[in-house]
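Understanding the architecture of this molecule
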Amino acid sequence: METDEYAIWRTAPDASRLCYQHFLWRELFNGNIHPSIKLEDRQGLRIAEFAAGHCLWAMQVAQEFPLAAVEASDIDLNLVPPSSERPSNLSIAKWSFFDRVPEKWLGAFDLIHIRLLIQPFAGFQDPRPVLEKFVSMLKPGGYLQWDEYDYADADKGHVYSVDNPEHVPNPHETHNSSTRIWQLIMDTFGWPQEHFAKLSTYFTEAGLEEVQDHKIRPPPSVFRAFHEHWYALIAQLLPVLEAKDVTAGIEARKLVTQIREDSQRHGVFSAHITKFVVGRKRDDKSDARLLRSKL
Ligand SMILES: C[S@@+](CC[C@H](N)C(=O)[O-])C[C@H]1O[C@@H](n2cnc3c(N)ncnc32)[C@H](O)[C@@H]1O
């Protein structure tokens, strides 16, 4: 197993932040599985979540599909709920996606879910070799759903919301502390936002079809809640950032103060755009059936 880059974040505040964030993401389209994914008619349904953390997504999906076999794995299982509280159709395994894919998972799953994975690729690593592993674990016709924030578009004005637009006419220009700190975090930790902006292209290159890059602005009901999550994340990142780069740390502290002022004094809030990249592995059997039915 490779080094566990995520270890520094696996603390009580981070664990609760991740759980809170899960419930916010669930609000985006009132569910866990992207609405374009259809699993209802499938026999022997198998669903996997990798880098599952607290496994809330996998737990809820196991309850939604009681006949499915659901598997959740992570490089570290410290956030996993106790076995007595887990649905009986959910199994848990320790696995790093930098390791070899176990034989039993090759071509095994109807749906694979991945969420918020930029951090383990710190140092501007290319996620494509890992994407190929995920694709290798799909059944023909199986779906890959990969959820991330839209890191590359973080500077777009529409991620802001303002109490009084007359008082703050151009919040994305005058109150760019949130955007600046986002960039500072990406640069300091070497999170590969440019690769992640191309996820949908990488899906197509990896042979997935019906690829979608669905971006959703957090709706009003949870916009402020996403802002609070973002603020909590920055607060948690600050000491780590300072330890990595003193100059970046000094700038980040000023920016955090500015973000607080922006919200408290000027009513400027920011919530990042979320994106759902979905693709489907080619199903040669159904293609052949379709062709036969047309002949
Ligand atoms: C930001 S958290 C996201 C957790 C969960 N997917 C969610 O949406 O709440 C990133 C997760 O990736 C896991 N992780 C980091 N490196 C990993 C690796 N090499 N293989 C598997 N999981 C890894 C961490 O342990 C952590 O649970």
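Being a predicted model, the structure only gives us computed values, none of them experimental. (Residues numbered from 1 in each chain as written. Predicted model: local features only at pLDDT ≥ 70, side-chain atom pairs only at ≥ 80, totals over all residues. Heavy atoms only, no water.)

1. Re empty space enclosed by the protein
One pass over the full model with this rule turns up three cavities of 30 Å³ or more. There is about 40 Å³ of room inside the second largest cavity. Lining the second largest cavity we find Y160, H175, S177, S178, H227, I259, D262, V268, F269 and S270. Elements supplying a minimum of two residues to the lining of the second largest cavity: helix 5 (177-189), helix 9 (246-266) and strand 8 (268-270). Counting residues per element, the lining of the second largest cavity draws most heavily on strand 8, which supplies three residues. Looking at the lining of the second largest cavity residue by residue, the classes come out as four nonpolar, five polar and one charged. (1 Å grid on protein atoms, 1.4 Å probe; cavity = no way out; pocket = protein on both sides within 12 Å on 5 of 7 lines; lining within 4 Å. Points joined across faces, edges and corners; volume = space filled by probe spheres on them. Helix = DSSP H or I, 4+ residues; strand = E, 2+ residues; numbered from the N terminus. Nonpolar A, V, L, I, M, F, W, Y, C, P; charged D, E, K, R; others polar.)

2. Quick word on the pattern of salt bridges
Under the criterion given, the structure shown has 14 salt bridges. The salt bridge partner of R128 is E205, with a shortest N-O separation of 3.7 Å. One end of the pair, R128, is in helix 3 (residues 128-136); the other, E205, is in helix 7 (residues 199-205), and 77 residues separate them in sequence. The partly exposed category is assigned to R128, whose relative accessible area is 29%. Judged by relative accessible area, E205 falls into the exposed class, the value being 53%. (Salt bridge = Lys/Arg side-chain N within 4 Å of Asp/Glu carboxyl O. Buried < 20%, exposed > 50% of the residue type's maximum accessible area, 1.4 Å probe, protein only.)

3. Here we look at the packing of helix 8 (residues 220-244) against helix 9
Relative to each other, helix 8 and helix 9 sit at 160 degrees, their axes nearing to 8 Å. The orientation of helix 8 relative to helix 9 falls into the category roughly antiparallel. Between helix 8 and helix 9 lies a crossing of left-handed hand. Residue-level inspection shows H227, Y231, I234, L238, L241, E242 and K244 of helix 8 in contact with helix 9, the latter providing V246, A248, G249, A252, R253, V256, I259, R260 and S263. Across the contact of helix 8 with helix 9, the residue classes break down as nine nonpolar, three polar and four charged. (Axes fitted to C-alpha atoms, helices over the stretch in contact; angles between N-to-C directions. Parallel < 35°, antiparallel > 145°, perpendicular 65-115°, else oblique. Left-handed = near helix turned anticlockwise from the far one by under 90°. Contact = heavy atoms within 4.5 Å.)

4. Some words on helix 2 (residues 56-64)
Burial analysis of helix 2 places seven of its nine residues in the buried class, the great majority of the element. Those residues of helix 2 not exposed but buried are L56, W57, A58, M59, Q60, V61 and A62. Next to the buried residues of helix 2 lie helix 1 (12-28), strand 1 (46-49), strand 2 (69-74), strand 3 (90-94) and strand 4 (109-115).

5. Some words on unusual backbone geometry
A positive phi angle, close to 65 degrees, is found at C55, a residue other than glycine. Here C55 shows up in the loop between strand 1 and helix 2. Even without glycine at this site, F124 takes up a positive phi of about 55 degrees. Exposure remark for F124: the relative accessible area of 51% places this residue in the exposed category.

6. Digging into the packing of helix 5 against helix 8
It is at 11 Å that the axes of helix 5 and helix 8 come closest, and there the two elements cross at 45 degrees. Put simply, helix 5 runs oblique to helix 8. The two elements helix 5 and helix 8 cross, and the hand of that crossing is left-handed. Across the interface between the two elements, S178, I181, W182, L184, I185, T188 and F189 of helix 5 pack against W230, I234, L237, V240, L241 and K244 of helix 8. Partitioning the contact of helix 5 with helix 8 into residue classes produces ten nonpolar, two polar and one charged.

7. Examining the pairing of strand 9 (residues 274-281)
The element strand 9 is extensively covered by neighbouring structure, given that six of its eight residues are classed as buried. Pairing between strand 5 (residues 138-149) and strand 9: seven bridges, direction antiparallel. In the strand pairing of strand 9, Y149 is matched with T274. In this structure, strand 7 (residues 208-216) lies alongside strand 9, joined through seven bridges in antiparallel fashion. (Pairing = 2+ DSSP bridges.)

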